[in-house]
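Geometric and topological summary
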Amino acid sequence: MTIDSMPGSSGYLDAYPGRRISYFSNGYVLSLTVVAGIGGLLFGYDTGQSPWIQPPSYTLGPSLRKKLLYFCLGISVRLGPYSSSLAQSLGWPKNLQIGYHGANAANALAIYEKNHGSGFFMGVISGALLYIKDEFEVVSQSSFLQETIVSMALVGAMIGAAAGGWINDAYGRKKATLLADVVFTIGAIVMAAAPDPYVLIAGRLLVGLGVGVASVTAPVYIAEASPSEIRGGLVSTNVLMITGGQFLSYLVNLAFTEVPGTWRWMLGVSGVPSIIQFSLMLFLPESPRWLYMKDNKSQAISVLSKIYDPDRLEDEIDQLAAASEEERQRKNAVSYLDVFKSKEMRLALLAGAGLQAFQQFTGINTVMYYSPTIVQMAGFRSNQLALLLSLIVAAMNAMGTIVGIYLIDYVGRRKLALSSLSGVLVSLVILSGSFYMGSSGSGSGLYGWLAVLGLALYIGFFSPGMGPVPWAVNSEIYPQAYRGICGGMSATVNWISNLIVAQSFLSIATSIGTGPTFLILAGVTVVAFVFVVVFVPETKGLTFEEVEQLLKERARGSSQETGLLENQDDDDEP
């Protein structure tokens, strides 16, 4: 069987166009995707973020203040490093410009309210700290405890992602999902019922562990149940659920602002999606590829029969049998060290982990954190705009992801990533220039509008490309035996990169200024562009076996790769 004749390949589908599957033509595949994508909802809800800054010249009533505060909340954002930077950029009093070592938005709000009666915030857990500090005096007296409560979920996510790959390969995608749901739900309950801050921290760790495992499992499960011609779009649905989770977190938190025990409800309600996913997942099958590789062939064929028509089903089974035989000839157990012993796997991991790192290092969180400052540069001061900012940013992210769902299987992963990075580069240059010129004080309104344009362009270019592409590529670039382990390693790189950006960019911005900081991010974007060109292969429309063959050819330096990539450019729209 040649590559072009493999079921699911472009040549196969060109020969048998009636066997092509579209996004909505198979309700079974779509239901698997949506249920698995709830893992992305957990991811988004727990890491949702939407910063807002209330100008010091405005005073809010208690009810509106609380609603504004929690409307723009998102969980688990480490805020401390950003408080003084944003305060300085707005020209706020020195007593609000708290040092970034141990300070967070809750501190800033409390101090500013003491002096001026209105506040500053960013992120649900830091907002919740206002009420947590009222209940636990030891928290109000310890910035270390406050930061630990905020950041412990990120620590858990890194651990969960690292272990999640092995769990996926050893016990299957379904059991890994159920485990993530159980751990996440327990964490939510522990947070809601925490009698002291130390139990609350333990709950935050558990929630992070669940998010970490889910961030690995959902893309892999969706990819292995998806026909190759729509695999990228279906995996990107998980990213849409992440942005949807961020949006949902704002609405849910608004609903609980006036409820007694506000912070307990805000943190505890996060367990509802995990309970829903657990309940639905009990009725869904294990990944058909994992089942077949574990010699549960009858169950695998039963699942595949619900995805493909009888004619294509037979071809898919034959291909899976050939791949299973090849896997059987390898070592039964794959270790983390085995990843680095094979040139083929090193290239795959470099491409996958590199994309995850550059997703963070190209500045998505930095731009999001500075979005309220950018809007204020344009001269806006109304509370209504502050309310709308979070929804607009979240909606743009979601809409951009929807565009990416369509484009990723139409134009391909590489082209989409490269076009995304090109737009990100232009927008970062615009942002850098706006902050440069705005700091001079002349024409600040004009430069503010230019900064708003840069912000809109950034989100518009990032969300369809560098948002979903890293997750899609990582779900399909690794051979079956390595898919879980390498997916976990790459997801861990993403979480660690997130932490590095959060811990370092403020120090850089404080030292050299915001404009030069954005210019550095633009330079990183150029490096990311070159990286994609050199190291990331196009996997659009390829079966898992074709991707594996492509990597083997790249490892051997074969010229056949060029021919394969050229064939992909001629693919029809899925």
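So, here's what we can say about the structure. (Residues numbered from 1 in each chain as written. Predicted model: local features only at pLDDT ≥ 70, side-chain atom pairs only at ≥ 80, totals over all residues. Heavy atoms only, no water.)

In this section: a nonpolar patch on the surface. On the surface, a cluster of nonpolar side chains totalling about 520 Å² of accessible area is made up of L350, V526, F529, V530, V533, V534 and F535. Take L350: it is sitting in helix α18 (residues 343–361). (Patch = residues over 30% accessible without salt bridge, like charges linked within 9 Å, V, L, I, M, F, W, Y side chains within 5 Å. Areas by Shrake-Rupley, 256 points an atom, 1.4 Å probe, with all protein chains shown as cover. Salt bridge = Lys/Arg side-chain N within 4 Å of Asp/Glu carboxyl O. Helix = DSSP H or I, 4+ residues; strand = E, 2+ residues; numbered from the N terminus.)

Mapping I307 onto the fold places it in the loop between α15 (297–305) and α16 (310–328). Spatially, the C-alpha atom of I307 lies 9.0 Å from that of I21, the residues being 286 residues apart in sequence. Beyond its immediate stretch of four places on either side in the chain, I307 contacts I21, N26, Y28, V29, A225 and P227. (Contact = heavy atoms within 4.5 Å.)

Turning our eyes to something else, we now look at the packing of aromatic side chains. The geometry of an aromatic ring pair is captured by the separation of the ring centres together with the interplanar angle, meaning the angle of the planes. Enumeration over the complete set of coordinates arrives at seven aromatic pairs. When the ring of F435 is compared with that of F518, the centres are 5.4 Å apart and the planes differ by 35°; the resulting orientation is tilted. Highlighted residues: F435 in helix α21 (residues 413–438) and F518 in helix α25 (residues 514–535), separated in sequence by 83 residues. In this pair, the class of F435 matches that of F518, namely buried. Seen from their ring centres, F531 and F535 are 5.3 Å apart, and the 40° between their planes marks the pair as tilted. Of this pair, F531 and F535 both sit in helix α25, four residues apart, which is roughly one turn of that helix. (Phe/Tyr/Trp six-rings, centres within 6.5 Å; stacked < 30°, edge-to-face > 60°. Buried < 20%, exposed > 50% of the residue type's maximum accessible area, 1.4 Å probe, protein only.)

Another point: the side chain of S236. Secondary-structure assignment places S236 in helix α11 (residues 231–255). For S236, a relative accessible area of 0% puts it in the buried group. In contact with S236, not counting residues within four places along its chain, are T401, I405, I408 and P468.

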